Amino acid sequence: MSASPERPQDQALTATRAWVETFVVAHNVCPFAGREVARDTIRYVAVDATDWERALLALVAECERLDATPTIETTLLVLTEGLEEFDDYLDFLAIAEALLAQQGFEGTYQLASFHPDYCFEGAEQQDASNFTNRSPFPMLHLLREAGLEEALEHYPNPEAIPERNVAAMRELGAAALADALLALRDGKR
């Protein structure tokens, strides 16, 4: 009997977990991620974003889950379908940020944004620096602000993290990073 094929949502979650471990933690892109991986305090949730309203309701539900579950430090909402185009994703992100504020979560949670085609304003699409925010699937990273502030208090020179990450990405090279991201997305890590 052969194994049943992995569902798209499961594949997206598997790829995202692998990305966190083999990219974010391995390259120290987020110096706090390794601790949360080791503690198993990261929640991974697949959300179909073809219906934006339902996806936004899922985001609010995750804020409420974080409120009720202090043992979860952070949630990664992996947007499996519907936001493949980066410009659509940016529009969705703007609405999501406004919704968090409207629902009273501003100052409690913040969103970090990741997308397979992430491109910083003013950067060239092929600039390796963009890989600091590229992920196998579009994603919203829901962070507890209190946890982030506490981690930053104990980290020397946190304002240098972005510069260090850009230098590391450029050293690795855009082609190698693109290949690695594609391999994760295709389940070939």
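Scroll up for the structure.
These notes cover the structure that comes with them.

### A look at the layout of surface pockets
Reported here for the largest pocket is a volume of approximately 830 Å³. Together, 33 residues line the largest pocket, and Val29, Cys30, Phe114, His141 and Leu143 are the ones closest to its centre. Elements with a minimum of two residues in the lining of the largest pocket: helix H1 (8–25), helix H2 (33–39), strand E2 (74–81), strand E3 (109–114), strand E4 (139–144), helix H5 (145–153) and helix H6 (161–172). In terms of residue class, the lining of the largest pocket is made up of 22 nonpolar, seven polar and four charged. Quantified by volume, the second largest pocket comes out at close to 240 Å³.

### Remarks on the environment of Ser113
Along the chain, the position of Ser113 falls in strand E3. Residue Ser113 is classed as buried on the basis of its relative accessible area, which comes to 10%. It is 6.2 Å that separates the C-alpha atoms of Ser113 and His141, two residues lying 28 residues apart in sequence. Once residues lying within four places of it in the same chain are set aside, the contact partners of Ser113 are Tyr89, Leu93, Tyr118, Asn133 and Met139.

### Some points on unusual backbone geometry
The backbone phi angle of Asn28 is positive, close to 55°, even though this residue is not glycine. Locating Asn28 in the fold gives a position in the loop between H1 and H2.

### Side note on the packing of aromatic side chains
On inspection of all chains with the given rule, the structure shows seven aromatic pairs. An angle of 20° between the planes, with centres 6.3 Å apart, marks the rings of Trp19 and Phe23 as stacked. With Trp19 and Phe23 both in helix H1, this residue pair falls four residues apart, about one helical turn. Grouping aromatic residues by their ring pairs yields a cluster made of Phe86, Tyr89, Tyr118 and Phe120. Its end group placed over the ring of Phe137, Arg185 keeps NZ or CZ at 4.0 Å from the ring centre.

Reading the values: the criteria
Residues numbered from 1 in each chain as written. Predicted model: local features only at pLDDT ≥ 70, side-chain atom pairs only at ≥ 80, totals over all residues. Heavy atoms only, no water. 1 Å grid on protein atoms, 1.4 Å probe; cavity = no way out; pocket = protein on both sides within 12 Å on 5 of 7 lines; lining within 4 Å. Points joined across faces, edges and corners; volume = space filled by probe spheres on them. Helix = DSSP H or I, 4+ residues; strand = E, 2+ residues; numbered from the N terminus. Nonpolar A, V, L, I, M, F, W, Y, C, P; charged D, E, K, R; others polar. Buried < 20%, exposed > 50% of the residue type's maximum accessible area, 1.4 Å probe, protein only. Contact = heavy atoms within 4.5 Å. Phe/Tyr/Trp six-rings, centres within 6.5 Å; stacked < 30°, edge-to-face > 60°. Lys NZ or Arg CZ within 6 Å of the ring centre and 35° of its normal.

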